[in-house]
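# Coordinate analysis (summary)
Next come the chains, spelled out residue by residue.
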Amino acid sequence: ANVITGDPPAIALFEETVSTARNELTSLSIINQSEGSSSSKMFDSIPTLSANWLCNDLFALVKKNAAVVDVDDESSLLPLNNNPISVEYSTVDGKRLGALVAMVADGTLTTSMARKVLAVMFEHEQRDSLLLPADIAKANGWRVISDPNELVELCNGVVHDPKNASQLEQYKLGGKKVWKIEKFYAGKVMAASKGNADPERMKEALALVL
């Protein structure tokens, strides 16, 4: 909060981030009355989520990029160019940060994926319209796989892979080691998805396949 209130440009960036994130969710039809309270909570969480990403992640990149001179009072740190540490010097504006926040809010990206996307955005100028969060995530294969059909397809590929035939035979026989085989398959599916499968939904899909 101090980062926002103590840095006037951060206030404008925060407001733009919140507005953009909410517009992104609305345009994707994520928020509507038919989807119940969970969607409403997602929409209401945007200000807090935006503040966290601005104050913690974006500001950390700004501060790191500032080549800070060591001083006793951390609140008055100045970069080598004598400009105050401020999001005014961020290469990520509120529109791109808001789009990223929306992708985290709707489950398209995990926090770790989103941090990678933010780092890529920060390294490039705002005017590079090709480097929007969705474009960066797509180019790098960063997305949470939560579609049931896609997860079932992944699980089918792993379970019926000839290399895993012995495990499938053991699973069909049942017994005390069934849980170990399930864990084995879960690990294989996660590897096949490059770590992008939603863990809980992946387990549900795996149970259907097995």
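Residues numbered from 1 in each chain as written. Predicted model: local features only at pLDDT ≥ 70, side-chain atom pairs only at ≥ 80, totals over all residues. Heavy atoms only, no water.

## Examining the overall build of the chain
Check the secondary structure of the chain and you find eleven helices and zero strands. Going from the N terminus to the C terminus, the chain shows its helices and strands as α-α-α-α-α-α-α-α-α-α-α. Counting every position in the chain, which comprises 210 residues, the buried fraction comes to 37%. Summarising the internal contacts of the chain: among those between residues at least 6 apart in sequence, 68% fall at separations of at least 24. Carbon and sulfur atoms form 52% of the exposed surface of the chain, whose accessible area is close to 12500 Å². (Helix = DSSP H or I, 4+ residues; strand = E, 2+ residues; numbered from the N terminus. Buried < 20%, exposed > 50% of the residue type's maximum accessible area, 1.4 Å probe, protein only. Contact = heavy atoms within 4.5 Å. Areas by Shrake-Rupley, 256 points an atom, 1.4 Å probe, with all protein chains shown as cover.)

## What to know about the packing of helix α6 (residues 111–122) against helix α7 (residues 133–140)
Closest axis-to-axis distance for the α6/α7 pair is 10 Å, and the angle between their directions is 115 degrees. The angle between α6 and α7 falls in the class roughly perpendicular. The two elements α6 and α7 cross, and the hand of that crossing is right-handed. On α7, the residues touching V117, V120 and M121 of α6 are P133, I136 and A137. Split by residue class, the contact of α6 with α7 holds six nonpolar, no polar and no charged. (Axes fitted to C-alpha atoms, helices over the stretch in contact; angles between N-to-C directions. Parallel < 35°, antiparallel > 145°, perpendicular 65-115°, else oblique. Left-handed = near helix turned anticlockwise from the far one by under 90°. Nonpolar A, V, L, I, M, F, W, Y, C, P; charged D, E, K, R; others polar.)

## With respect to the environment of N156
Here N156 shows up in helix α8 (residues 148–159). For N156, a relative accessible area of 32% gives the class partly exposed.

## Side note on the nonpolar core
Core analysis: the biggest nonpolar cluster contains 39 residues, and W53, L54, L97, L100, L109, V117 and L118 have the highest contact counts within it. Elements that contribute at least two residues to this core include exactly α2 (8–27), α4 (46–65), α5 (94–105), α6 and α7. Looking at which element gives the most residues to this core, the answer is α4, with eight residues. Sequence-distant contacts of L109, defined by excluding residues within four places in its chain, comprise L100, M103, V104, A114, V117, A137, W142, R143 and V144. With 17 residues, the next largest nonpolar core counts C155, Y171, I181 and L206 among its residues. (Core = buried A, V, L, I, M, F, W, Y, C linked by side-chain atoms within 4.5 Å.)

## Observations concerning α7
Among all positions in α7, only P133, I136 and A137 are buried. Down the axis of α7, the buried set is contained in an arc of 95 degrees. They therefore lie on one face. Residues of α7 that are exposed and angled more than 90 degrees away from the buried face: K138 and A139. Of the surrounding secondary structure, the elements contacted by the buried residues of α7 are α5 and α6. Looking one or two places after α7, you find G141, whose phi comes out positive at around 75 degrees. (Arc of directions from axis to C-beta.)

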